[in-house]
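In case you want the letters, here they are:
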Amino acid sequence: GSGFIDGSSAAGFLTTSGLPQDLLHQIWAIADANNQGTLDLQKFFVACRLVAHTQAGQPPAPHLASVEPHMLPEFQGVRRTRQPSETSSRP
């Protein structure tokens, strides 16, 4: 592949986070700071990191792009084994 995720594919996936569109737009604007309309792997990780912070109640902010969240983001339809230390306020 090209090493990039196109905007519509990334946006479709990020929508499964359950976050409101306005927050997803803010996350995208931070992750795609150069306004390229695509995300490389690092920028996709930034978007996922920001989703996790936002799901934990923090508003999307550029300084959070490099801060490891306390828990991984949750996406509808994505299943994984949780570690005992992980908790979620979501059902």
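Here's a quick rundown of the structure. (Residues numbered from 1 in each chain as written. Predicted model: local features only at pLDDT ≥ 70, side-chain atom pairs only at ≥ 80, totals over all residues. Heavy atoms only, no water.)

**So, the overall build of the protein chain**
Quick reminder of the rule: Counting from the N terminus, the helices are DSSP H or I runs at least four residues long and the strands are E runs at least two residues long. Relative accessibility thresholds used throughout: buried, under 20% of the residue-type maximum; exposed, over 50%; partly exposed, between the two (1.4 Å probe, protein chains only). Any two residues whose heavy atoms approach within 4.5 Å at even a single point are treated as in contact. With residues, only the protein chains shown are counted as cover, and all accessible areas are computed by Shrake-Rupley using a 1.4 Å probe.
Along its length, the protein chain carries three helices and two strands. With 91 residues in all, the protein chain has 36% of them scored as buried. Counting contacts in the protein chain only where the partners sit at least 6 residues apart, residues at least 24 apart contribute 46% of the total. Counting only carbon and sulfur atoms, one obtains 56% of the accessible surface of the protein chain, whose full area is about 5900 Å².

**Concerning the side chain of histidine 53**
Operational definition: By the criterion applied in these results, polar contacts are pairs of N or O atoms within 3.5 Å in which, for protein atoms, one can donate a hydrogen and the other can accept it, and in which residues neighboring in sequence qualify only through two side-chain atoms.
One can find histidine 53 in helix 3 (residues 41–55). Within the local environment of histidine 53, its side chain forms a polar contact with the backbone oxygen of valine 67, the two atoms lying 2.7 Å apart.

**Notes on the side chain of serine 17**
Mapped onto the elements, serine 17 comes out in the loop between helix 1 (7–15) and helix 2 (21–31). We classify serine 17 as buried; its relative accessible area is 1%. Within the structure, the side chain of serine 17 is placed 2.7 Å from the backbone oxygen of leucine 14, a separation counted as a polar contact. Of note is the side chain of serine 17, whose polar atom sits 3.3 Å from the backbone nitrogen of leucine 19.

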